[in-house]
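Read off the chains here:
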Amino acid sequence: MISVIIPIYNAEKYLKRCIYSILRNTYSNLEVLCINDGSTDNSEEILQEISREDSRLKVFRQQNSGVAVARNYGLDKATGDFIAFVDADDWVHKNYFESLLNSCKDGESSIAVCQYCDVGDEIVADENQVENDYKFSKLSVKESFENSFIKTFVWGRLIDRRIIGDIRFEKGMRFGEDTTFMLRLLCENPNISIIRLDNVLYYYYQKSEFTGRFSEAAGYLPMIDAYYKYIHELELQRDLKLIIIEEIIKKLLVYRYEARIEQEYKEAKYNFNTRYKTIKKYFKLLSVKKRIEFNVLSYSPLLYRLIRIMRDNTMLEWEKKKRELIRIHKNMV
């Protein structure tokens, strides 16, 4: 059985599309766990209506507590052999579960990940453009860290429930709960393999309307602190410990960079320096080249910004948009 976990908050506009894409999949041995996270729209009515049509749909309710708590609730209730996470405004291909499960079995792997495509109000996905011949590659845990999609999200994949165990999503994070979950999952299971399917089977919905929200730089701090906690809590292989150390430093540099754009540099400088000083005790594990690189970038925020812009010339436009979002946000609150 596959347990599909869907956190739901005010998703009435997209909910039927999402759930029916799951229930109408070619693989039918599913339990679909819908966690209504305190929705104030008609999401609950829609869930109850569909649950009367199909007993595989199970509806749970909680006070609005965020996506991490909702997913943890789903993990506690799940009884399937495999776990899949789907966001309420996304949907999946009709062969999604069958393809991922077969890939896991054929590749003798604990995680199968497919490709995804961004869709929106003006972008339509052609679900017929999927080859019958599914191609996949097999990755080690270390190799998977080089793929940002594998290590950053929990949707678009199937996970053997046995490797999850008591791992849960970190609560109280503004963003990045997917990343911390996958990081811990991979680090606690260093000897598993991951199957990467070349086919697009997951459709990620990008809202076109402006919601009045933006990701504040301070949201990186709980993620950074969670990473640091993992170094202390987990008995990590040396190469995985190195990966986490580098992730912490990279996230710190991004945090300080974005905080400067938000004109919160004084507080960010303190937060950066205190955390950077703490992680420096692990620098002996890094190569001399990495130590020099990180130390130079830590002392020079402007050099870090220059390098980012040189590597990606869209960063200037991104900075402009972020400043505009900040201006709009301040006018709204």
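Scroll up to find the structure.
Residues numbered from 1 in each chain as written. Predicted model: local features only at pLDDT ≥ 70, side-chain atom pairs only at ≥ 80, totals over all residues. Heavy atoms only, no water.

Peer 1: An account of the overall build of the protein chain is requested, with residue identities and associated values reported.
Peer 2: Secondary structure summary: the protein chain contains 14 helices and 9 strands in total. Computed over its C-alpha atoms, the radius of gyration of the protein chain comes to 21 Å, within 12% of the 20 Å expected for a compact globule of 333 residues. Its C-alpha atoms give the protein chain principal-axis dimensions of about 60 × 50 × 35 Å. Relative to its full complement of 333 residues, the protein chain shows a buried share of 53%. Intrachain contacts of the protein chain at a sequence separation of at least 6 include 82% that bridge at least 24 residues. For the protein chain, the distance from the average site of its 52 positive side-chain charges to the average site of its 50 negative ones is 8 Å. (Helix = DSSP H or I, 4+ residues; strand = E, 2+ residues; numbered from the N terminus. Rg over C-alpha atoms; globule rule 2.2 N^0.38 Å. Buried < 20%, exposed > 50% of the residue type's maximum accessible area, 1.4 Å probe, protein only. Contact = heavy atoms within 4.5 Å. Lys, Arg positive; Asp, Glu negative; His and termini not counted. Charge placed at Lys NZ, Arg CZ, Asp CG, Glu CD.)

Peer 1: Outline a nonpolar patch on the surface, listing residues and values.
Peer 2: A cluster of nonpolar side chains, contributed by Val 288, Ile 292, Val 296, Leu 303, Leu 306 and Met 310, occupies part of the molecular surface with about 560 Å² of accessible area. Taken together, the elements giving at least two residues each to the nonpolar patch come down to helix H12 (288-299) and helix H13 (301-311). Examined against the element boundaries, Val 288 turns out to sit in helix H12. (Patch = residues over 30% accessible without salt bridge, like charges linked within 9 Å, V, L, I, M, F, W, Y side chains within 5 Å. Areas by Shrake-Rupley, 256 points an atom, 1.4 Å probe, with all protein chains shown as cover. Salt bridge = Lys/Arg side-chain N within 4 Å of Asp/Glu carboxyl O.)

Peer 1: Lay out the pattern of salt bridges in plain terms, naming residues and giving numbers.
Peer 2: Counting across every chain of the model gives 20 salt bridges. For the salt bridge of Lys 290 with Glu 246, the shortest nitrogen-to-oxygen distance reads 3.7 Å. Of this pair, Lys 290 sits in helix H12 while Glu 246 is found in helix H10 (residues 238-261), placing the two residues 44 residues apart along the sequence. The exposure class assigned to Glu 246 is buried, which follows from its relative accessible area of 18%. Its salt-bridge partner being Glu 262, residue Lys 322 comes within 3.1 Å of it at the nearest N-O pair. With Lys 322 in helix H14 (residues 315-332) and Glu 262 in the loop between H10 and helix H11 (265-279), this residue pair connects regions lying 60 residues apart in the sequence.

Peer 1: Break down the packing of aromatic side chains for me, citing the residues and quoting the values.
Peer 2: Enumeration according to the criterion identifies 22 aromatic pairs in this entry. Both rings, one in Phe 85 and one in Phe 181, keep their centres 6.1 Å apart while their planes meet at 80°; by these two values the pair is edge-to-face. Pair noted here: Phe 85 is in strand S4 (residues 82-85) and Phe 181 is in helix H8 (residues 177-188), with a separation of 96 residues, a long-range link. With respect to class, Phe 85 is no different from Phe 181; both count as buried. Between Phe 149 and Phe 153 the ring centres are 5.7 Å apart and the planes differ by 45°, which places this aromatic pair in the tilted class. The class of Phe 153 is partly exposed, set by a relative accessible area of 25%. Between Arg 24 and the ring centre of Tyr 20, over which it is positioned, the NZ or CZ distance is 4.3 Å. (Phe/Tyr/Trp six-rings, centres within 6.5 Å; stacked < 30°, edge-to-face > 60°. Lys NZ or Arg CZ within 6 Å of the ring centre and 35° of its normal.)

Peer 1: An account of the packing of H10 against H13 is needed here, citing residue identities and associated values.
Peer 2: Axis separation between H10 and H13 bottoms out at 10 Å; the angle between their running directions is 95°. One way to sum up the angle between H10 and H13 is to call them roughly perpendicular. Along the contact surface, H10 presents Lys 250, Leu 253, Val 254, Arg 256, Tyr 257 and Arg 260, while H13 presents Pro 301, Leu 302, Tyr 304, Arg 305 and Arg 308. Its residues assigned to classes, the contact of H10 with H13 comprises 6 nonpolar, no polar and 5 charged. (Axes fitted to C-alpha atoms, helices over the stretch in contact; angles between N-to-C directions. Parallel < 35°, antiparallel > 145°, perpendicular 65-115°, else oblique. Nonpolar A, V, L, I, M, F, W, Y, C, P; charged D, E, K, R; others polar.)

Peer 1: Kindly report on the packing of helix H9 (residues 220-233) against H11, identifying the contributing residues and their values.
Peer 2: Their axes nearest at 12 Å, the elements H9 and H11 cross at an angle of 15°. One element, H9, and the other, H11, form an angle in the roughly parallel class. Read as a crossing pair, H9 and H11 show a hand that is left-handed. Contacts from Leu 221, Ile 224, Asp 225, Tyr 228 and Ile 231 of H9 reach H11 at Asn 271, Arg 275, Thr 278 and Ile 279. (Left-handed = near helix turned anticlockwise from the far one by under 90°.)

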